[in-house]
Amino acid sequence: MNHFKSALLWYLCIMSDLAFAQITSHPRPQSTPQVIMRRIPTRYAFSTEQQRRFDSLLRAYKIKANDLRRMSPVVSEHSLMILQTETRQKASQLLTTDQKQNFQALSQDTLIMAFDKAVAPIKSFPFPPPIGYTYAVLDDAIFSSCQLLGDASNIIYRAITSSNCNYGDVGYYAIPDGFVVVTKVEEINDDATSVSGSDRFSEGRYQSMSLLDFFAPRKGYFRVFAFLVTDVPFNATNTPVTAGNALEWIRMAANVLPDAIKKKPFKPGYNCTVIVYEFKSEEANTHLSPLLSPRFNAQTHLQKSHIAESLQP
């Protein structure tokens, strides 16, 4: 049992009941890449005695959990919940006051890596998402025929890649109990319509510039769509979005949604929330900056991009 699993045990016990249950339900511990170990800040380090006690606590949990799973499903599920609660309490008691306070500052990056390790068959999207977006919850009628999450994915894909919208490249991420579809960063006009031609997806890096660009800098506005399908309510985090985030989302996304997610039932309570981030550049071929107060609401973005009409049930 390596030290990261000890750290992850405590973190999941305190921060996420769901992720904790997923991690500890594995019958055998899985190896953890050392790169993840190095992502844990040094101020969260445990003493040798703490590490020994965490290892012992996790071993005891796994033994008891395996015994409970041999019982009937109804009995074992209730008993596992009690066991998990007791284990979380014991884990918390092993921490110093300073550690309890410091762990509240765990980076979003570490949280996402923990979720990836626990449940995600593909990379996970920041969840809750960074602050700075405008959003709209799509009409349930659009997804009324969905039996599986894959059905919802197909509806979104067909709409945003249709000839009306023409978002050729889309990517997929995992989030708790669902998935995310992201588009490329696109340049938009002053009325929120998509820029036409090759500049649309240039990310502000134009291939051709005129003399006018040097005397009257070409300002640009940009956006990215993310469609979050889940039954988990969410708020924005306090961490603001960056242009680097948005540019990397499509580049690091999965090309398809895996069966492990597609075949999950689309149960009552699921919905699709569209979040839209806006960015700007002060002149051609410069870095983008986020607009933490977007100029347009999500409904306007959906209408001007023609996504709204393509999603009509």
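Asks: Account for the environment of Asn164, naming residues and giving values.
Replies: Within the secondary structure layout, Asn164 lies in the loop between α8 (149-160) and β2 (170-175). The class for Asn164 is partly exposed, based on a relative accessible area of 43%. It is 8.2 Å that separates the C-alpha atoms of Asn164 and Ser305, two residues lying 141 residues apart in sequence. Once you skip the residues sitting within four places of it in the chain, Asn164 turns out to touch Ser305, His306, Glu309 and Ser310.

Asks: Tell me about the confidence of the model for the protein, and name the residues and values.
Replies: Counting all residues, the mean pLDDT for the protein is 76, and 70% of those residues have values of 70 or more. Taken together, the stretch residues 10-44 has pLDDT below 50 and engages in 73 contacts with residues farther than four places along the chain or on a different chain.

Asks: Can you break down the state of the cysteines residue by residue, with the values?
Replies: By the definition in use, this model includes zero disulfides. The structure places no disulfide on Cys146, whose sulfur is separated from the nearest cysteine sulfur, that of Cys272, by 9.8 Å.

Asks: A description of the nonpolar core should follow, citing residues and the corresponding values.
Replies: In terms of nonpolar packing, the biggest core is built from 34 residues, with Leu138, Phe143, Ile156, Phe179, Phe227, Val229 and Ile307 touching the most fellow members. Contributions of two or more residues to this core are made by α8, β2, β3 (178-183), β5 (220-230), β6 (271-281) and α12 (298-304). The element best represented in this core is α8, accounting for six residues. Setting aside its immediate chain neighbours within four residues, Phe179 contacts Leu149, Ala152, Ser153, Ile156, Tyr173, Ala174, Phe227, Leu228, Val229, Leu257 and Ile261. If you look at the next biggest cluster of nonpolar residues, it comprises 23 residues, including Ala226, Trp249, Phe279 and Leu288.

Calculation criteria
- Residues numbered from 1 in each chain as written.
- Predicted model: local features only at pLDDT ≥ 70, side-chain atom pairs only at ≥ 80, totals over all residues.
- Heavy atoms only, no water.
- Helix = DSSP H or I, 4+ residues; strand = E, 2+ residues; numbered from the N terminus.
- Buried < 20%, exposed > 50% of the residue type's maximum accessible area, 1.4 Å probe, protein only.
- Contact = heavy atoms within 4.5 Å.
- pLDDT = per-residue confidence, 0-100.
- Disulfide = S-S within 2.5 Å.
- Core = buried A, V, L, I, M, F, W, Y, C linked by side-chain atoms within 4.5 Å.

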